Structures are given as structure tokens and as C-alpha cells.
Amino acid sequence: MNEKDILAIQELLASPKKIAIFPHRSPDGDAMGSTLGLYHFLLKLNHKPVVIAPNEFPEFLAWLPSSETVLVYENDRVNCTKILNEAELVFTLDFNALHRTGEMEQVLSKLSAPMIMIDHHQLPDSYATFTYSDTSFGSTCEMIYNFIGYLNQKNLIDKTIATCLYTGILTDSGGFRFPKTTGTTHRIVAEFIDLGVENTEIPNLLFDNNSYDRLQLLGRALHNMKVLFDKKTSYISLSQKELDEFKYVKGDTEGIVNYGLTIKGIVFAAIFIEHRDENIIKISFRSQGDFDVNQFARDHFSGGGHINAAGGKSYDSLANTIKKFEQIISKIEL
Ligand code: 5GP
Ligand code: MN
């Protein structure tokens, strides 16, 4: 962030304000960790913050401190719209284009309050008054830590704030494994552990809280996996019928796409999940090395994300979407 923006933001935060903070639709660990981390920080500065998620967040994040205060736009449009219209300052975290909030975009695009975007995705839109965007970071949570530093308020980081930020750093780095994990990332996490963050309990809450049905669904997903060895590609599909069979709840398919990359020689993995209520196929892409899945998702599946992790969607049937995917793959160099 440049000096001028920091001074302007310091000025804005100098007196108590009503502040709305929101993550992208279908928020993940980084989206929820960064919004709630910032929420607790702003509370300490005597502001009146509120986190508004476009839709429900997964159950495996429901232990995050104050997650019970998070409002869900889809469940309470009237109240959330009122709060947004009354907000004196707005933070948008962990996404780079207003359409990532789904139907909330219509309300957000009309707000007059200053907006601050903090995000690490590629090619950010320029909707915000202040944009802190940096794709070199592995998580928005790590950027929130820096943002607090820019404001000279690191001394306010306590166990609660650190717990939220630790969660996003952990989930978005794949457990400190993805390439953007740096020595600095580990030094920040070390500070968090010194503040009392439960670094053995949190991974348990996030990753080892499976239901039997979820594991059976994972079994089906792995069974459905197709491997195109000559294209170094693997993909998984799950139909709505299969989700129903294993009593799918939000969050159950999180991380399944990564299994495709664990096969020796595979550099590109995808998962196609049918969501009949929304009439879409949700797609996740992961890659290892140089293959840019952000570009791939933008070019072919109305999506985006990062070089090695991106998502997209299709309004065609599951079978046709997969057919289209195979056709594209057959024509590109991998
Ligand atoms: P996931 O596959 O875990 O849903 O998403 C991987 C990454 O891509 C995340 O950083 C997520 O924010 C981004 N992403 C997922 N879906 C979309 C999409 O439809 N559009 C854009 N621009 N980014 C997406
Ligand atoms: Mn993120």
C-alpha cells in the first residue's frame, strides 16, 4: 500500500464508524478468517463492524470466533441491504471483482461509502476507493496482518485475531505447502502461536472433522476419477444424485480436487460438481508448476483465481461440460 492510501485510511479509522466487511460467495477459510480477523481488530478500535457473507459458510468454519455474528445476505436481504446502505466504510476481502459476491453485487455497486479491497487474486477490478492487491501473497489473511502493520497497530493483535488469521493462512497455503508460503509466512505464524493460537487443535477442527457420509462421498469421487495420462490431467465428477446419496452438506467437497494432483506425473486436476438447485456445474481447477489455471478458467469456464488454483462454472449439463473439457484438453499442450 502506498503512503498516501495508508494516511487516508488512518484518517477514516480515526473516529468510530459503522463498517461492513464482506467475503466472496461460498466463503472459504481465508475469506472467513480474514473478514473475522479484521472484524475483531476493528472492534478493538471501537468501530461497529459487521461481517456479511453473500451465502452460508461451511460448517467446518463455524467454530471461528464470532462466526455466530456473521449475517448471511441470502437469508436476510432486507436487513443486510439496510446495513450496507448505512455503512460508513466497506471492506471487501479475498476477492477481486464485485460479481464474486453473486446477487449482492447490485447493492454493492451502488454504495457511496469508501471501499477498501484487500485481496491476493490475479487481475483485480478497480471498483474500490483503496485497493491493496498483491498476488505474491498466499492468503488474504497474511495481507490483513500486513495491513494492521501499515496502520502501526500490530500490538493490538491478540489470540482471537491471530486465530482467525492463522486459519486463512493455513487453509490457503494447503497446510504451508503451496509455493507462496515464505519464511515470512512462518514467522507470522510463529508470532500467532506465541500469542496462544491452538496450532494443533485448529487443523483438527478444519481437516479431521469428517462425517461418515463425507468420507463415503470422497470414496465415490475418487472412484469417479478419470486420468488422461498423456495430458498429465485428471478430473473428478460428482452428480447431484451422488451428492444426495451421501447427504451432501456445504463444505463436503472442499479439497477433493487436490487428490487429482497427488497422482505421479499429473500436473492439472479438475472437479465438476453438479448443483441442480442453482442450475450450474461448479468447477475447481488445480495445477502444479507453470500451467496457469486462472487463465484456463477465464478462457473457458467463466471463472478465475490464481495460477495454481482457480474455479469456474458451466450452465450446460454435467456430461456436456466434461465433454467440452476433454475437447479443450485434447487441443492444448500440457
Ligand atoms: P475453489 O476451487 O477452491 O472454489 O477456488 C479456487 C480459487 O479460485 C479461489 O481463490 C477462488 O476464490 C477462485 N475462484 C473460484 N471460483 C471462481 C470464479 O467463478 N471466478 C473467479 N474469478 N475466481 C474463482
Ligand atoms: Mn484467499
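A.B. asks: In this structure, what is going on with the sheet that holds strand β6 (residues 130-133)? I would like to understand it.
C.D. replies: Strands pair in a sheet through their backbones, by hydrogen bonds, and they do so in one of two ways: parallel or antiparallel. Judged by pairing direction, the sheet is parallel, and its six strands sit side by side in the order β3-β2-β1-β4-β5-β6 without closing on themselves. Both edges of this open sheet fall to β3 (71-72) and β6, since each of them pairs with a single strand only. Two elements, strand β1 (residues 18-22) and strand β2 (residues 48-53), share four bridges in a ladder whose sense is parallel. Following the sheet pairing, K18 is matched in β2 by K48. The sheet contacts of helix α5 (residues 140-150) involve β4 (89-93), β5 (115-119) and β6, and relative to β5 the element is tilted by about 125 degrees.

A.B. asks: Hey, could you run me through the pattern of salt bridges in this one?
C.D. replies: Pairing of side chains with opposite charge becomes possible as their charged atoms draw close. Under the definition given, this model contains eleven salt bridges. Where E86 meets K82, a salt bridge forms, and the shortest distance between an N and an O atom there is 3.5 Å. Taken together, the residues E86 and K82, both in helix α3 (residues 77-86) and four residues apart, mark about one turn of the helix. A salt bridge links R220 to E245; the shortest N-O distance between them is 2.9 Å. With R220 in helix α9 (residues 212-224) and E245 in helix α10 (residues 240-245), the pair connects residues that are 25 residues apart, well separated along the chain. In this structure, a network of salt bridges that share partners links the residues R25, E74, E278 and K282.

A.B. asks: Is there a simple way to explain the packing of aromatic side chains in this structure?
C.D. replies: If you walk through the whole model with that rule in mind, you get 19 aromatic pairs. When the ring of Y132 is compared with that of Y150, the centres are 5.6 Å apart and the planes differ by 70 degrees; the resulting orientation is edge-to-face. Taken together, the positions of Y132 in strand β6 and Y150 in helix α5 put the pair 18 residues apart, joining distant regions of the chain. Residue Y132 is classed as buried on the basis of its relative accessible area of 5%. You can call Y150 partly exposed: its relative accessible area is 31%. Ring centres of F296 and F301 lie 6.2 Å apart, and the angle between their planes is 35 degrees; this geometry places the pair in the tilted category. Of the two residues, F296 and F301, neither departs from the other in class, the shared state being buried. Members of the aromatic cluster, connected to one another through ring pairs, are Y235, F268, F272, F285, F291, F296, F301 and F325. The ring of F301 has K324 sitting right over it, with the charged end atom 4.5 Å from the ring centre.

A.B. asks: Explain the coordination of the manganese ion (ligand 2) here, please?
C.D. replies: Each pair of donors in an ideal octahedron of six around a metal sits at 90 or 180 degrees, and each pair in an ideal tetrahedron of four sits at 109.5 degrees. Coordination sphere of the manganese ion (ligand 2), protein contribution only: D30 (OD), D94 (OD), H120 (NE2) and D172 (OD), at 2.2 to 2.4 Å. Positions of the donor residues of the manganese ion (ligand 2), expressed as sequence spacing, correspond to D-x63-D-x25-H-x51-D. Of this pair, D30 sits in helix α2 (residues 29-44) while D172 sits in helix α6 (residues 159-172), and the two are 142 residues apart along the sequence.

Definitions and limits used
Residues numbered from 1 in each chain as written. Chains lettered and ligands numbered in written order. Predicted model: local features only at pLDDT ≥ 70, side-chain atom pairs only at ≥ 80, totals over all residues. Heavy atoms only, no water. Pairing = 2+ DSSP bridges. Helix = DSSP H or I, 4+ residues; strand = E, 2+ residues; numbered from the N terminus. Contact = heavy atoms within 4.5 Å. Axes fitted to C-alpha atoms, helices over the stretch in contact; angles between N-to-C directions. Salt bridge = Lys/Arg side-chain N within 4 Å of Asp/Glu carboxyl O. Phe/Tyr/Trp six-rings, centres within 6.5 Å; stacked < 30°, edge-to-face > 60°. Buried < 20%, exposed > 50% of the residue type's maximum accessible area, 1.4 Å probe, protein only. Lys NZ or Arg CZ within 6 Å of the ring centre and 35° of its normal. Donors = N, O, S within 2.8 Å, 3.2 Å for Na, K, Ca; no water.

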